[in-house]
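Below are the chains, spelled out letter by letter.
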Amino acid sequence: MARTDETGQDARHASPPGTTPPVRPPAEGTAGAGARMPRWLPRAIVLALTLYAVFQLGSWAFHQLTGLLINILIAFFLALAIEPAVSWMAARGMRRGLATFLVFIAVLVAAAGFVTLLGSMLAGQIIKMVEDFPDYLDSVINWVNGHFHTELRRVDIQEGLLRSDWLRNYVQNSATGVLDVSAQVLGGLFQLLTITLFAFYFAADGPRLRRALCSVLPPARQAEVLRAWEIAVDKTGGYLYSRGLMALISGIAHFVLLEILDVPYAPALAVWVGLVSQFIPTIGTYLAGALPMLIAFTVNPWYALWVLVFVVIYQQFENYVLQPKLTSKTVDIHPAVAFGSVIAGTALLGAVGALIAIPAVATLQAFLGAYVKRYDVTDDPRVHGHRDRGPGSATFTRARKLWARRPGTARTGAEAPEEGSR
């Protein structure tokens, strides 16, 4: 009889002699209690925290130095713009430092002369507008009274303006904003000085800077860097050349108009329109045309309308005729690409990005053009803008010829030889 007591069950489940009894799996609550942390885990945590701290520090430093980096970028493109003149003078025996100094002096003298002439013109026009303002106000009041049957008086309008809360708040805000304006002026002067110093060093020590950059690169890379530098100089110079030429043409055209209308300060206004419309992208045209319109309005309100019409027409001529021809010969960039680059540069760096976007994109396009493999284009009508009209085109052509042969229908010169040849 089989043993059914507990002793018999334990004996039946016992291991045979000479074997190791099986070890029970540990309970869930005690799993890994005695296991050690991997040795690489603390070092990985420290490394991750260090990289995060370095990233945060670099991001903070980049945001703090954004203004300086933008100034250096402007100075670099300014140095590229004057590089041809400096190299031309240095090739004839003049030291690069002296040549750079002379070029900067010429640029500063021209800019100071333009600002002085423009400032004197604006001051004279503002004084004249202030003196003639009562007459303009009387003419406007008489026009309103005559057309709307009102009884407005200049004295009432002046008293209303002097007692208005808007004028009082404006005077208070202007008085408190004097310090802010002074700080902005000082900051602008310091920024201009920084750009001038960096541009001077980039232009005067251009060969030394190129040697220092090439000394850390292998020979093959050195050739590519020097080629990119040369392309940047050519494209930046070509961009300034095309802009200067368009500014000259625009200034001459507006000078002729202003002389015909007998608008005062026509030469200074023509220079203003030429420079501002070409070297301030996107909104330069509107800023350039606003000042001549304002001064023409002081002479005759209809003259301001004529100036507006001429500015709009000339802008279309410049956008669709003049600029594509000059840009294709100097910068070699498609107008759509140029417009897109200006928008992208404005979004990234503001007005500075809009100013340097076109030469930067032209340089990049010319440099990458050497690494793009090009093939011969197939002789397909669709390449030239012609589309196949399908099987119905022959039927349409045949029906048109039959209609032309009807009695009383005039035959064209092209159909007469075809009919006579049959």
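Structure's up top.
Residues numbered from 1 in each chain as written. Predicted model: local features only at pLDDT ≥ 70, side-chain atom pairs only at ≥ 80, totals over all residues. Heavy atoms only, no water.

Enquirer: Is there a simple way to explain the overall build of the protein in this structure?
Expert: Secondary structure summary: the protein contains 16 helices and 0 strands in total. In the protein, 62% of the contacts between residues at least 6 apart in sequence involve partners at least 24 apart. Of the roughly 30400 Å² that the protein leaves accessible, carbon and sulfur atoms contribute 68%. (Helix = DSSP H or I, 4+ residues; strand = E, 2+ residues; numbered from the N terminus. Contact = heavy atoms within 4.5 Å. Areas by Shrake-Rupley, 256 points an atom, 1.4 Å probe, with all protein chains shown as cover.)

Enquirer: I would appreciate a short explanation of unusual backbone geometry in the present structure.
Expert: Both trends apply: most residues other than glycine have a negative phi, and most peptide bonds are in trans. Located in the positive-phi region is Asp 262, a residue other than glycine, with phi close to 60°. Take Asp 262: it is sitting in the loop between α9 (219-260) and α10 (266-279).

Enquirer: Quick question: what am I supposed to make of the packing of aromatic side chains here?
Expert: Each aromatic ring pair is summarised here by two numbers: the centre-to-centre distance and the angle between the ring planes. Under the counting rule described, the total for this entry stands at 9 aromatic pairs. With 5.6 Å between their ring centres and 90° between their planes, Phe 76 and Trp 229 make a pair best called edge-to-face. Here Phe 76 is found in helix α3 (residues 66-90), whereas its partner Trp 229 is found in helix α9, with 153 residues between them in sequence. Since its relative accessible area comes to 25%, Phe 76 is described here as partly exposed. With centroids separated by 6.3 Å and ring planes inclined at 15°, the aromatic side chains of Phe 310 and Tyr 314 adopt a geometry described as stacked. Taken together, the residues Phe 310 and Tyr 314, both in helix α12 (residues 301-330) and 4 residues apart, mark about one turn of the helix. (Phe/Tyr/Trp six-rings, centres within 6.5 Å; stacked < 30°, edge-to-face > 60°. Buried < 20%, exposed > 50% of the residue type's maximum accessible area, 1.4 Å probe, protein only.)

Enquirer: Any chance you could explain α9 here in plain terms?
Expert: Within an α-helix, residues lying three or four positions from one another point in the same direction, as the helix has 3.6 residues per turn. Here α9 is 42 residues long and its end C-alpha atoms lie 62 Å apart, about the 62 Å a rise of 1.5 Å per residue gives. Where α9 ends, the next residue or the one after it, Asp 262, has phi of about 60°, a positive value. (Expected span 1.5 Å × (residues − 1).)

Enquirer: Explain the packing of α9 against α10 to me, please; I cannot follow it from the model alone.
Expert: For the pair α9 and α10, interaxial distance at closest approach is 7 Å and the crossing angle is 145°. α9 and α10 meet at a crossing whose hand is right-handed. Side by side, α9 and α10 meet where Leu 240, Arg 243, Gly 244, Met 246, Ala 247, Ser 250, Gly 251, His 254, Phe 255, Leu 258 and Glu 259 of the first sit next to Ala 266, Pro 267, Leu 269, Ala 270, Val 273, Gly 274, Leu 275, Ser 277, Gln 278 and Phe 279 of the second. Among the residues making up the contact of α9 with α10, the classes are represented as 12 nonpolar, 7 polar and 2 charged. (Axes fitted to C-alpha atoms, helices over the stretch in contact; angles between N-to-C directions. Left-handed = near helix turned anticlockwise from the far one by under 90°. Nonpolar A, V, L, I, M, F, W, Y, C, P; charged D, E, K, R; others polar.)

Enquirer: Looking at this structure, I do not really get a nonpolar patch on the surface. What am I missing?
Expert: On the surface, Trp 302, Leu 305, Trp 306, Leu 308, Val 309, Val 312 and Ile 313 cluster together to form a nonpolar patch covering roughly 730 Å² of accessible area. The topology assignment puts Trp 306 in helix α12. Taking relative accessible area as the criterion, Trp 306 reaches 54% and is therefore assigned exposed. (Patch = residues over 30% accessible without salt bridge, like charges linked within 9 Å, V, L, I, M, F, W, Y side chains within 5 Å. Salt bridge = Lys/Arg side-chain N within 4 Å of Asp/Glu carboxyl O.)

Enquirer: Please clarify how the side chain of Glu 83 should be interpreted in this entry.
Expert: Note on placement: Glu 83 falls in helix α3. The residues touching Glu 83, leaving out its near neighbours within four places in the chain, are Arg 96, Ala 203, Arg 210 and Val 233.

Enquirer: Looking at this model, I keep getting lost on the nonpolar core. Mind explaining?
Expert: Nonpolar side chains in soluble globular proteins tend to be buried together. In terms of nonpolar packing, the biggest core is built from 18 residues, with Met 121, Val 263, Leu 269, Trp 272, Leu 291 and Val 307 touching the most fellow members. Contributions of two or more residues to this core are made by α4 (96-148), α9, α10, α11 (284-299) and α12. No other element matches the 6 residues that α10 contributes to this core. If near-sequence neighbours (up to four positions away) are discounted, Leu 269 is found in contact with Met 121, Leu 258, Val 263, Pro 264, Leu 291, Pro 292 and Ile 295. Judged by nonpolar contacts, the second largest core, of 11 residues, contains Ala 79, Met 89, Val 103 and Ala 199. (Core = buried A, V, L, I, M, F, W, Y, C linked by side-chain atoms within 4.5 Å.)

Enquirer: What exactly am I supposed to notice about the packing of α3 against α9 here?
Expert: The packing of two helices is summarised by the inter-axis angle and the distance between the axes. As a packed pair, α3 and α9 sit with axes 8 Å apart at the nearest point and diverge in direction by 85°. Considering their axes alone, α3 and α9 lie roughly perpendicular with respect to each other. Together, Phe 76, Phe 77, Leu 80, Ala 81, Glu 83 and Pro 84 of α3 and Trp 229, Ala 232, Val 233, Thr 236 and Leu 240 of α9 make up the contact between the two elements. (Parallel < 35°, antiparallel > 145°, perpendicular 65-115°, else oblique.)

Enquirer: Which parts of the structure should I look at to understand the pattern of salt bridges?
Expert: When their charged atoms lie close together, side chains carrying opposite charge are able to pair. Taken as a whole, this structure holds 3 salt bridges when the rule is applied. Ionic pairing is found between Glu 83 and Arg 210, a salt bridge with its closest N-O pair at 3.9 Å. With a gap of 127 residues between them, Glu 83 in helix α3 and Arg 210 in helix α8 (residues 206-214) connect regions that are remote in the sequence. When sorted by exposure, Glu 83 lands in the same class as Arg 210, which is buried.

Enquirer: Please clarify how the environment of Glu 151 should be interpreted in this entry.
Expert: In this structure, Glu 151 sits in the loop between α4 and α5 (154-162). On a C-alpha basis, the gap between Glu 151 and Ile 141 in space is 8.8 Å, while along the polypeptide they are 10 residues apart.

Enquirer: Would you mind showing me how to read α10 here?
Expert: A rise of 1.5 Å per residue sets the reference length of α10, with its 14 residues, at 20 Å; its end C-alpha atoms lie 20 Å apart and thus fit the reference within 8%. Burial of α10 is extensive: 10 of the 14 residues sit out of reach of the surface. Turning to α10, its buried residues are Ala 266, Ala 268, Leu 269, Ala 270, Trp 272, Val 273, Gly 274, Val 276, Ser 277 and Gln 278.

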